[in-house]
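Understanding the architecture of this molecule
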Amino acid sequence: MHWKRKSTIQRVCAALPAKDAIYYFLQRRFGSLRYTPDPLPMLRAAAEIFAEMRGMGIAVAGKRIMEIGTGRRLDMPIAFYLCGAQSVDTFDLNVYLREELVMASVGEILRGREAVVTILGPVVGAEELAARLDVLASVQGLKDLSQKTAIRYHAPADASNTQLADQSIDIQFSYTVFEHIPGPVLEAILREASRVLAVGGVACHHIDPSDHFAHEDKSLSLIHFLQFEEREWSRYNDNQFAYHNRLRRSDYDRLYTAAGHEVFSKHPFLDDASLAEIRNGFPLATPFQGREAEDLCTVVYRVYSRPGGAQGAN
Ligand SMILES: C[S@@+](CC[C@H](N)C(=O)[O-])C[C@H]1O[C@@H](n2cnc3c(N)ncnc32)[C@H](O)[C@@H]1O
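What this report covers is the structure whose coordinates are included nearby. Bear in mind the structure is a predicted one, so any value in this text is a computation, not a measurement. (Residues numbered from 1 in each chain as written. Predicted model: local features only at pLDDT ≥ 70, side-chain atom pairs only at ≥ 80, totals over all residues.)

Here we come to the overall build of the protein. The number of helices and strands found in the protein is 14 helices and seven strands. Relative to the 2.2 N^0.38 estimate, which gives 20 Å for 314 residues, the radius of gyration of the protein is 20 Å and therefore close to what a compact globule would have. Taken over the C-alpha atoms alone, the protein extends approximately 55 × 50 × 35 Å along its principal axes. A burial count over the protein gives 37% of its 314 residues as buried. In the protein, 80% of the contacts between residues at least 6 apart in sequence involve partners at least 24 apart. (Helix = DSSP H or I, 4+ residues; strand = E, 2+ residues; numbered from the N terminus. Rg over C-alpha atoms; globule rule 2.2 N^0.38 Å. Buried ≥ 20, exposed ≤ 12 C-beta atoms within 10 Å, placed from the backbone. Contact = placed C-beta atoms within 7 Å.)

Written as structure tokens, this is what we have:
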């Protein structure tokens, strides 16, 4: 779909009284939610991140996880569960979770059990994984899932004010969520991490600073949105379903510093096609002019931090 068309649909839906239900209906009828959910890509992403964590001495098994930005399904919390997490508290500002999608996803995990074992096998013991898959197979609906797996959904709930007890969490986590949250709220979320993380706790955030309209409209580059001045961009962007903060890698670095976090590992992934566009004179809007191409063309940024000066989890 042409990105401006999608933007118009998002803007119109966001202005309607029953906006969430209408947008969900359109996504189910005409959008990506038409298809049976495929949880395997999320499990692969989880396996990659958990392996990376293990390389840094951070185990998932036995840990209390706080996730930000649940979305429509529970694939990432389920990945944490399958890999031995003690509990997952997942927060969303909006009540987007849908039981039918969660259960369809659980069904796909069970149908693809062999593939799941191949994906998660390198990061969790075979017996533990088999036992947890058996639990998943016994689940009858969302409430039962929550009871059996200790995955607790909090929505509507702002991750910057979780009501969780002080020092009650080991890992604060998000996957492709930070880019949808305004900078001042992100700073508050990292400060909340400093409050809720136990001694040795860490934050891990996997950020996608690319233009999300380009994910669907393949005629766009991943930095397409950097050409718009704030005023024009806000016309496409300032609604609940489209919002992207357009923060670049160095902006995130500043946020972490302002929130008092010590970043101990960061992984920027650069897009070669975007770098070539910058070299060829891509017309950058004022806020992005004069900045380093690597800063602008980081399209995935994974950041590990701990509240100022504390020791890392193990
Ligand atoms: C793109 S979705 C990510 C969904 C999921 N993580 C995934 O990868 O499929 C971003 C989510 O962040 C949520 N969100 C935005 N601001 C938030 C906040 N302050 N606290 C908690 N969730 C928030 C939105 O409601 C939305 O569900």
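We now examine the nonpolar core. Core analysis: the largest hydrophobic core is formed by 58 residues, its most contacted members being A79, F80, C83 and L120. Contacts of A79, omitting those with residues within four sequence positions, involve M42, L43 and A46. (Core = buried A, V, L, I, M, F, W, Y, C linked by C-beta atoms within 7 Å.)

This part is about the packing of helix α1 (residues 3-14) against helix α2 (residues 19-29). Contact pair α1 / α2: the axes reach a minimum separation of 8 Å and the direction vectors enclose 150°. In terms of their interaxial angle, α1 and α2 are classed as roughly antiparallel. Note on element contacts: α2 touches α1 through K19, I22, Y23 and L26, opposite I9, C13 and A14. Classifying every residue of the contact of α1 with α2 by side-chain character gives six nonpolar, no polar and one charged. (Axes fitted to C-alpha atoms, helices over the stretch in contact; angles between N-to-C directions. Parallel < 35°, antiparallel > 145°, perpendicular 65-115°, else oblique. Nonpolar A, V, L, I, M, F, W, Y, C, P; charged D, E, K, R; others polar.)

As a further point, take the pairing of strand β3 (residues 151-154). Taking every second residue as pointing to the same face, the buried face of β3 carries I151 and Y153, while none of R152 and H154 on the other face is buried. In this sheet, β3 lies alongside strand β2 (residues 87-91) in parallel orientation, the contact comprising four bridges. Within β3, the residue paired with D89 across the bridge is R152. (Pairing = 2+ DSSP bridges.)

Once that is clear, we can look at the environment of L133. Tracing the backbone through its elements, the reader meets L133 in helix α7 (residues 126-137). Sequence-wise, L133 and L190 are 57 residues apart; in three dimensions their C-alpha atoms are separated by 33 Å. Setting aside chain neighbours within four positions, we find L133 in contact with L82, R113 and V116.

This part covers the packing of helix α3 (residues 40-55) against helix α6 (residues 113-120). At their nearest, the axes of α3 and α6 sit 9 Å apart, and the two run at 20° to each other. Accordingly, the angle class assigned to the pair α3 and α6 is roughly parallel. The handedness of the crossing between α3 and α6 is right-handed. Note on element contacts: α6 touches α3 through A115, V116, I119 and L120, opposite L40, L43, R44 and A47. Of the residues in the contact of α3 with α6, the class split is seven nonpolar, no polar and one charged. (Left-handed = near helix turned anticlockwise from the far one by under 90°.)

Quick look at the sheet that holds strand β6 (residues 261-270) now. Across the sheet, seven strands lie side by side as β3-β2-β1-β4-β5-β7-β6; this open sheet has mixed pairing. Pairing within the sheet leaves two strands with one partner each, and these edge strands are β3 and β6. Adjacent strand axes in the sheet meet at a mean angle of 15° when their direction is disregarded. Taken strand by strand, helix α4 (residues 75-82) contacts β1 (64-68), β2, β3 and β4 (169-175), and its axis lies near 165° from that of β2. Along the sheet, helix α12 (residues 249-258) makes contact with β5 (197-207), β6 and β7 (298-307), crossing β7 at roughly 10°.

Turning our eyes to something else, we now look at the site of the ligand. Around the ligand there are 17 residues in total, and G69, G71, L93, N94 and A159 lie nearest to it. Of the residues contributing to the shell around the ligand, the split by class is nine nonpolar, six polar and two charged. (Near = placed C-beta within 6 Å.)

Residue P156 is bonded to the preceding A155 through a cis peptide linkage, with omega at -5°. Structurally, P156 can be placed in the loop between β3 and β4. With phi around 60°, R246 is a residue other than glycine that occupies positive phi space. Tracing the sequence through the fold places R246 in the loop between α11 (230-237) and α12.

A separate point is helix α9 (residues 183-196). With 14 residues, α9 should cover 20 Å at 1.5 Å per step; its first-to-last C-alpha distance of 20 Å lies within 8% of that length. Elements that come into contact with the buried residues of α9 comprise β1, β4, β5, α12, β6 and β7. (Expected span 1.5 Å × (residues − 1).)

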